[in-house]
Amino acid sequence: MPLLTMNPQTSLAQLKTSLDALGLQTMPATEFCRIWRSHADLLASLPPRYAQVQDDLLARLEAGSLFSEESCSFSQGDLVVQLSMWLDKATQQLAQV
């Protein structure tokens with residue numbers, strides 16, 4: 001599937017919408033991760049550490065989704081909080097540019 005090309009604000013809004021859906025458990029983790037990974041243009045406009053952190057969080061989310069209940073290592077609720085913090089920091093970083 002081709003990567004999306006859009007302005008950073010639109011990408012941030014789509015990531016926020018998908019994060020809300022994940023938090024409400026109306027979107028499966030696999031679809032959520034696919035959406036977040038499709039925003040390469042957004043990651044390219046951020047410092048490299050953002051891509052590294054995002055990839056780590058998404059990998060943990062995918063690993064945790066393999067279990068039917070919360071894994072002691074990868075709580076989906078905790079990962080949603082961490083992804084929300086990532087999104088907030090990315091928004092702040094782009095506002096400084």
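Residues numbered from 1 in each chain as written. Predicted model: local features only at pLDDT ≥ 70, side-chain atom pairs only at ≥ 80, totals over all residues. Heavy atoms only, no water.

*Asks:* So what's going on with the pattern of salt bridges? Which residues, and what values?
*Replies:* Here the structure, examined in full by the defined rule, presents five salt bridges. Via salt bridges that share partners, Arg37, Asp55 and Glu62 belong to a single interconnected network. (Salt bridge = Lys/Arg side-chain N within 4 Å of Asp/Glu carboxyl O.)

*Asks:* Go over the nonpolar core, please, and point to the residues and values.
*Replies:* Of all hydrophobic cores here, the largest spans 25 residues; its most connected members are Phe32, Trp36, Leu61, Leu83 and Trp86. Taken together, the elements giving at least two residues each to this core come down to helix H1 (8–23), helix H2 (29–37), helix H3 (40–44), helix H4 (48–64) and helix H5 (76–95). The biggest single contributor to this core is H5, with seven residues. Here Leu61 is in contact with Leu22, Ala29, Phe32, Cys33, Gln76, Leu79 and Leu83, once residues within four sequence places are set aside. (Core = buried A, V, L, I, M, F, W, Y, C linked by side-chain atoms within 4.5 Å. Buried < 20%, exposed > 50% of the residue type's maximum accessible area, 1.4 Å probe, protein only. Helix = DSSP H or I, 4+ residues; strand = E, 2+ residues; numbered from the N terminus. Contact = heavy atoms within 4.5 Å.)

*Asks:* Tell me about H5, residues and numbers included.
*Replies:* An ideal rise of 1.5 Å per residue puts 28 Å on 20 residues; H5 measures up with 28 Å between its terminal C-alpha atoms. Here H5 has its buried residues at Leu79, Val80, Leu83, Trp86, Leu87, Ala90 and Leu94. Across the axial projection of H5, the buried residues extend over an arc of 120 degrees, all falling on one side. Residues of H5 that are exposed and angled more than 90 degrees away from the buried face: Gln92 and Ala95. (Expected span 1.5 Å × (residues − 1). Arc of directions from axis to C-beta.)

*Asks:* So what's going on with the packing of aromatic side chains? Which residues, and what values?
*Replies:* The tally for this structure, following the rule as stated, stands at three aromatic pairs. Considering the side-chain rings of Phe32 and Trp36, the 5.1 Å spacing of their centres and the 35 degrees angle between planes classify their relative orientation as tilted. In this pair, Phe32 and Trp36 are both assigned in helix H2, four residues apart and thus about one turn of the helix distant. The exposure class assigned to Phe32 is buried, which follows from its relative accessible area of 0%. (Phe/Tyr/Trp six-rings, centres within 6.5 Å; stacked < 30°, edge-to-face > 60°.)

*Asks:* Which residues make up the packing of H1 against H2, and what values go with them?
*Replies:* Relative to each other, H1 and H2 sit at 165 degrees, their axes nearing to 10 Å. Here H2 runs roughly antiparallel to H1, going by the angle between their axes. As H1 packs across H2, the resulting crossing turns out to be left-handed. When H1 is examined against H2, the residues Leu15, Ser18, Leu19 and Leu22 are found in contact with a partner set consisting of Ala29, Phe32, Ile35 and Trp36. (Axes fitted to C-alpha atoms, helices over the stretch in contact; angles between N-to-C directions. Parallel < 35°, antiparallel > 145°, perpendicular 65-115°, else oblique. Left-handed = near helix turned anticlockwise from the far one by under 90°.)

*Asks:* Quick one: what's the story with the environment of Ala51, residue by residue and with numbers?
*Replies:* With respect to the element layout, Ala51 can be found in helix H4. Under the relative-accessibility criterion, Ala51 is labelled partly exposed at 31%. Between the C-alpha atoms of Ala51 and Ala40, which are eleven residues apart in sequence, the distance is 9.0 Å.

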